[in-house]
Amino acid sequence: MSKVSCEIVKDMLPLYYDNVCSDDSKRMVEEHLVECDSCKMELDRIQADFKLPKEEIERNNNDGNVIKNISSFWNRSRAKSFIKGGIISALLLSLITLGYFGLFHWHITNVPIDVVEIKDVSEMSDGKIVYYSEINDGYSLNRLKYDMDKEGNFYITPLRPMIKQKAQSLNVLEKGYEFIDIKEQEIFRGEEIKTINYGTPKEKILIWKKGMELPKASEEIENMFDFN
Ligand SMILES: [Zn+2]
């Protein structure tokens, strides 16, 4: 028989099972178990009793981890979708803004020259050339673009947005007198102006050509563009 009694070993078995006893006690229990079937059976019983809870504890732990993982996953994906949402909103907003300006404000579309009427070209006393232009399709103009090529051809190009808007009340751009200050433009561009055209190099109406005699501007027009 063993040096220690079965009673002592059985008292210690739960500690042994939980692996919380000292090395000496552990050795003592193990030595006893080799010889004592009764205590061995008691250990088996303890193992059987504790197995289920232990598994359950482990599963609970895992479940806890799963829940933790899920919640951190949700936090991460919520943060991500928040950022994503922000980026998408910003992109959408800039697209809408770009689209809005592109369609309604950028002056990128040329006006077909067949709806343009140019008349009453005259020369002011200070050399400015005055012309009357009328856009006959009822849509508003946004801007006149001034350009000159290397040959000295000056182009006044009427521009409107891609989505044209009905002219509410025709303003001076659509119907009225405009002037070109040749001297000022020549100084600004450093080149001599040889022709003045309304439109584009492809579609244009000639307003003036070097050497062309123009009638003197009326007093009314002189007063209209007298900025002095
Ligand atoms: Zn025993």
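The structure we're discussing is the one just above.
Residues numbered from 1 in each chain as written. Predicted model: local features only at pLDDT ≥ 70, side-chain atom pairs only at ≥ 80, totals over all residues. Heavy atoms only, no water.

Colleague: Even after reading the chapter, I still don't get the packing of aromatic side chains, so can you show me in this structure?
Modeller: The way to describe two aromatic rings as a pair is by their centre distance and the angle between their planes. Within this structure, the stated rule accounts for 4 aromatic pairs. Ring centres of Tyr132 and Tyr177 lie 5.2 Å apart, and the angle between their planes is 65 degrees; this geometry places the pair in the edge-to-face category. Placement of Tyr132 in strand 3 (residues 129–135) and of Tyr177 in strand 6 (residues 175–180) is noted, with a sequence separation of 45 residues between them. Cation over ring: Lys128 sits above Phe179, and NZ or CZ is 5.1 Å from the ring centre. (Phe/Tyr/Trp six-rings, centres within 6.5 Å; stacked < 30°, edge-to-face > 60°. Helix = DSSP H or I, 4+ residues; strand = E, 2+ residues; numbered from the N terminus. Lys NZ or Arg CZ within 6 Å of the ring centre and 35° of its normal.)

Colleague: What is the right way to look at the coordination of the zinc ion in this model?
Modeller: Put simply, a metal with four donors set out as a tetrahedron has ideal angles of 109.5 degrees, and one with six donors set out as an octahedron has ideal angles of 90 or 180 degrees. Coordination of the zinc ion by the protein comes from Cys6 (SG), His32 (NE2), Cys36 (SG) and Cys39 (SG), over a distance range of 2.0 to 2.4 Å. For the zinc ion, the 4 donor atoms are set out with angles of 91 to 117 degrees between them, so the coordination reads as tetrahedral. Look at where the donors of the zinc ion fall in the sequence and you get C-x25-H-x3-C-x2-C. Residue Cys6 is located in helix 1 (residues 6–17), and its partner Cys36 is located in the loop between helix 2 (23–35) and helix 3 (37–104); the two are separated by 30 residues in the primary sequence. With relative accessibility at 22%, the residue Cys6 sits in the partly exposed group. (Donors = N, O, S within 2.8 Å, 3.2 Å for Na, K, Ca; no water. Tetrahedral: all angles 85-135°; square planar, octahedral: opposite > 155°, others 65-115°. Buried < 20%, exposed > 50% of the residue type's maximum accessible area, 1.4 Å probe, protein only.)

Colleague: What am I meant to see in the side chain of Lys128 here?
Modeller: Along the chain, Lys128 falls in the loop between strand 2 (116–123) and strand 3. Classification of Lys128 as buried rests on a relative accessible area of 8%. Within the local environment of Lys128, its side chain forms a polar contact with the side chain of Asp126, the two groups lying 3.1 Å apart. Among all residues touching Lys128, those that are not within four sequence positions of it are Ser122, Glu123, Phe179, Ile180, Asp181, Phe225 and Phe227. (Polar contact = N/O pair within 3.5 Å; in protein donor to acceptor, adjacent residues only side chain to side chain. Contact = heavy atoms within 4.5 Å.)

Colleague: Mind showing me how you'd approach the nonpolar core here?
Modeller: Soluble globular proteins: nonpolar side chains tend toward being buried together. Formed by 23 residues in total, the largest nonpolar core has its most connected members in Tyr131, Ile156, Ile196, Tyr198 and Ile207. Mapped by element, the contributors of at least two residues to this core are strand 2, strand 3, strand 4 (143–148), strand 5 (153–160), strand 7 (195–199) and strand 8 (204–209). Listed in part, the 12 residues of the second largest apolar core include Cys21, Leu33, Cys36 and Ile46. (Core = buried A, V, L, I, M, F, W, Y, C linked by side-chain atoms within 4.5 Å.)

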